[in-house]
Amino acid sequence: MSLLPVSTEPAGRSVFAGVDIAATARLNWLGGCPRPRFEDDVWSFVGWADAPVQMKVTEKNVLFDRITHRPWRVVAKELALAWIATQDERVLALPRARRLPRHPRTIYARVYHLTFWLNWLHERRITTLAAVTQDHCEAFLREYGVVRDKETGAVLRNKAGASLRTVVSAMQDITDYGELLSADRHRPGFRPWGTRSPRVVTGAPSRPQVVIKTEPLDDDVLRPLLTACLHVVDVLGPHIVGLRTELQAERESWRNVEWSRNLRDGDRLAALVEEHLRTGQPLPRIEDFQVTKRLRLGWDPKDPLLTANFQHLLRPTGHRDIHKALFVQARPLLEEAVAEVGTEYLWCRDPADVPRADTGELIPWSLPLSNRSSDALIRVAGHACTGATSALTGMRSSELMELTVGCRRTDDADGTGLARHRLVSKVVKGRLWGGEVDEWVVIEEVVRVIALAEQLTDSGPGQPLFGAFNGFESNGAMTWLRQWVASPAGRRMGLEPIPDEPVHPRRLRRTLSVEMAARPGGLLATKVHFKHLQVSRGATFH
């Protein structure tokens, strides 16, 4: 028996008026975060405690204010809350209502598609859902089902079946949840496409046959990728950690300096220059973009002081620059110093030697670096950790994002001298909201990778290690790795360029599964030591 009054007319006031969305949907909420109310035109789920890391900020904000006709905003809100709060008695009373709650990410997507339908109706001067006919539904689906060129309007391709199923389902829900809707509803007896399901309407199966389209990576791509990642981790990693520590200490000390504007004392400037001459240390060098700025301000490209960094030179005095009058007076002294010791970037001036990846020849691990180049190298190291972890564990993107600082576990086997290494993360796909905690048994190389990643992040224990990312391409991990490997720094290390072929966690996961299937008993022959093959005995992968 329905708990709601049966009527062909809207009820006027919503049964959800004034409710707390998080409480009604039974969502765990972070203390101190605003809780969305039914009347809000934007429902913010930023405070949802169980939100997966991969859930974007945009997906945490359900936008009803994009619906032009205000009464239909109420309709969309009532549908959205009914989709997520399926255990509410007002929803349970509806015979055609869905009994399993939809994920908040799904709510965002369904409202997004529903908005196009409602605005399409409003553009055609239809102001009530009772006036909607099947012809309207068919016309909208024909228009919405294709992607057009923004300039010419020409049809480029058909939209994916999933998005069409979603919008058809949302359109039919206006009827299925009609008794709950207070602001507007379809006329009695009308349901878009009748009893036909979205799958039948769109021709796209709700659960399509699983066809693996992801191709594994060729060895010509995987080998240089793993070589670069593990060379950065094992050979350069400790030095990069040291560089990062020095950078942080330097920047922290600069924050505590009360700067004076310009130095006017010639004797103090002369003492600084003399110290550089006495020790043979080059004067500090400015960044390339600062050189460009000086040239735009009229500096002579042949000026011997063009690249000198006066702010760093004056650091011990607490001044930002040299006064113009003093600069003119001290120019001969400064030019003489530059001629004798030159200028150079501050970082990695005396680097330790490390072996090249190809020949093993010992070379300095880095040439002198500027602040920007140092930050970029630290970022490259972080991306190398992400890429190596993905390649050697086969974890999905969502699972990589759920890794936290302190996720490593090691069990020592009694009397065997062996160790069992594990990573703790969450399985998100196909699991409860927010994912379920699970463990991956991994090889020792992965433990070293994670250990380095933990030293390259500002996250504290329990906080995301890699954080959210959109992918490995388009300025992601692979973009940075490829560019660095192809740069003079990568060539100095003897690294082979990584081919410009799409690399992402799905392909790495597929490659790993193929490698495992090709080994007797499912053992993995992974390219884990530069260009060599190494079989990990006794290691299993989740």
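Presented here is a report on the structure given in the accompanying data block. Values in this document were obtained by computation on a predicted structure and should not be read as measured data.

Okay, the overall build of the chain next. Along the chain, the regular secondary structure elements total 18 helices and 15 strands. For the chain, the C-alpha atoms occupy an extent of roughly 95 × 70 × 50 Å along the three principal directions. Within the chain, the proportion of its 542 residues that are buried is 47%. In the chain, once contacts between residues fewer than 6 apart in sequence are set aside, the share between residues at least 24 apart is 64%. When the accessible surface of the chain is summed, it comes to about 28000 Å², and 50% of that surface belongs to carbon and sulfur atoms.

Here the focus is the pattern of salt bridges. For the structure on display, the rule yields 30 salt bridges. Of the charged contacts in the structure, one is a salt bridge between Asp173 and Arg110, with a shortest N-O distance of 2.7 Å. You can see Asp173 sitting in helix α6 (residues 161–176) and its partner Arg110 sitting in helix α4 (residues 104–123), a full 63 residues away along the chain. Overall, Asp173 belongs to the buried group, its relative accessible area being 8%. The salt bridge partner of Glu123 is Arg124, with a shortest N-O separation of 3.5 Å. Residue class for Glu123 comes out exposed when judged on its relative accessible area of 61%. In this structure, a network of salt bridges that share partners links the residues Asp41, Arg70, Arg73 and Lys77.

Ranked by internal contacts, the top residues of the largest apolar core, which has 65 residues, are Ile240, Leu403 and Trp484. Sorting the residues of this core by element identifies α8 (219–255), α13 (371–393), α14 (397–401), β12 (419–427), β13 (436–442), α15 (444–455) and α16 (477–486) as the ones contributing at least two each. Here this core gets 15 residues from one element, more than from any other, and that element is α8. Residues in contact with Trp484, not counting those within four places in the same chain, are Val232, Leu236, Leu377, Val380, Ala489, Gly490, Met493 and Leu495. In this structure, Val111, Ala139, Val167 and Val168 belong to the second largest nonpolar core, which totals 56 residues.

With phi around 65°, Trp193 is a residue other than glycine that occupies positive phi space. By the secondary structure assignment, Trp193 is in the loop between α6 and α7 (198–202). Among the residues examined, Trp193 registers a relative accessible area of 5% and is labelled buried. Its identity as a non-glycine residue notwithstanding, Asn475 has a phi of 70°, on the positive side. By the secondary structure assignment, Asn475 is in the loop between α15 and α16. Given a relative accessible area of 48%, Asn475 falls into the partly exposed group.

Relative to the assigned elements, Leu225 resides in helix α8. Residue classification places Leu225 among the buried residues on the basis of a relative accessible area of 2%. Sequence-wise, Leu225 and Leu481 are 256 residues apart; in three dimensions their C-alpha atoms are separated by 8.4 Å. In contact with Leu225, other than residues within four places in its own chain, are Met478, Leu481, Ile498, Val503 and Leu508.

Within the secondary structure layout, Arg422 lies in strand β12. Relative accessible area serves as the criterion here: at 11%, Arg422 is assigned to the buried category. Of the polar contacts made by the side chain of Arg422, one reaches the side chain of Asp411; its length is 3.1 Å. Sequence-distant contacts of Arg422, that is, excluding residues within four places in its chain, are made with Cys407, Arg408, Arg409, Asp411, Glu439, Trp440, Val441 and Val442.

It is worth spelling out the environment of Phe16 at this point. Within the secondary structure, Phe16 is located in the segment before α1 (21–24). Each C-alpha atom of the pair Phe16 and Asp41 lies 14 Å from the other, and the pair is 25 residues apart in sequence. With residues up to four places along the chain from it excluded, the contact list for Phe16 reads Phe38, Glu78, Leu81, Asp88, Arg90, Val91 and Leu180.

What follows is about the layout of surface pockets. Approximately 1300 Å³ is the volume attributed to the largest pocket. Forming the boundary of the largest pocket are 33 residues, of which Arg102, His103, Thr106, Arg165 and Thr166 lie nearest the centre. Contributions of two or more residues to the lining of the largest pocket are made by α4, α6 and α7. For the lining of the largest pocket, the per-class residue count stands at 10 nonpolar, 12 polar and 11 charged. Looking at the second largest pocket, it is lined by 32 residues, and the ones nearest its centre are Gln290, Arg294, Gln311, Arg320 and Asp321. Contributions of two or more residues to the lining of the second largest pocket are made by α8, β5 (260–263), α10 (288–296), α11 (310–313), β7 (319–322) and α12 (324–341). With 5 residues, α8 is the single largest residue contributor to the lining of the second largest pocket. For the lining of the second largest pocket, the per-class residue count stands at 14 nonpolar, 7 polar and 11 charged.

Here we come to the sheet that holds β12. Each strand in a sheet pairs with its neighbour through backbone hydrogen bonds, running either in the same direction (parallel) or in the opposite one (antiparallel). Taking strand neighbours across the sheet as the criterion, the 3 strands line up as β11-β12-β13 in an open arrangement whose pairing is antiparallel. Each of the sheet's edge strands pairs with one partner strand only, and the pair in question is β11 (408–412) and β13. With strand direction ignored, the average angle separating the axes of adjacent strands in the sheet is 30°. Here 7 bridges tie β12 to β13, and the two strands are oriented antiparallel to one another. When the bridges of β13 are listed, Leu423 appears paired with Trp440.

How each quantity is defined
Residues numbered from 1 in each chain as written. Predicted model: local features only at pLDDT ≥ 70, side-chain atom pairs only at ≥ 80, totals over all residues. Heavy atoms only, no water. Helix = DSSP H or I, 4+ residues; strand = E, 2+ residues; numbered from the N terminus. Buried < 20%, exposed > 50% of the residue type's maximum accessible area, 1.4 Å probe, protein only. Contact = heavy atoms within 4.5 Å. Areas by Shrake-Rupley, 256 points an atom, 1.4 Å probe, with all protein chains shown as cover. Salt bridge = Lys/Arg side-chain N within 4 Å of Asp/Glu carboxyl O. Core = buried A, V, L, I, M, F, W, Y, C linked by side-chain atoms within 4.5 Å. Polar contact = N/O pair within 3.5 Å; in protein donor to acceptor, adjacent residues only side chain to side chain. 1 Å grid on protein atoms, 1.4 Å probe; cavity = no way out; pocket = protein on both sides within 12 Å on 5 of 7 lines; lining within 4 Å. Points joined across faces, edges and corners; volume = space filled by probe spheres on them. Nonpolar A, V, L, I, M, F, W, Y, C, P; charged D, E, K, R; others polar. Pairing = 2+ DSSP bridges. Axes fitted to C-alpha atoms, helices over the stretch in contact; angles between N-to-C directions.

These figures capture arrangement, not role.
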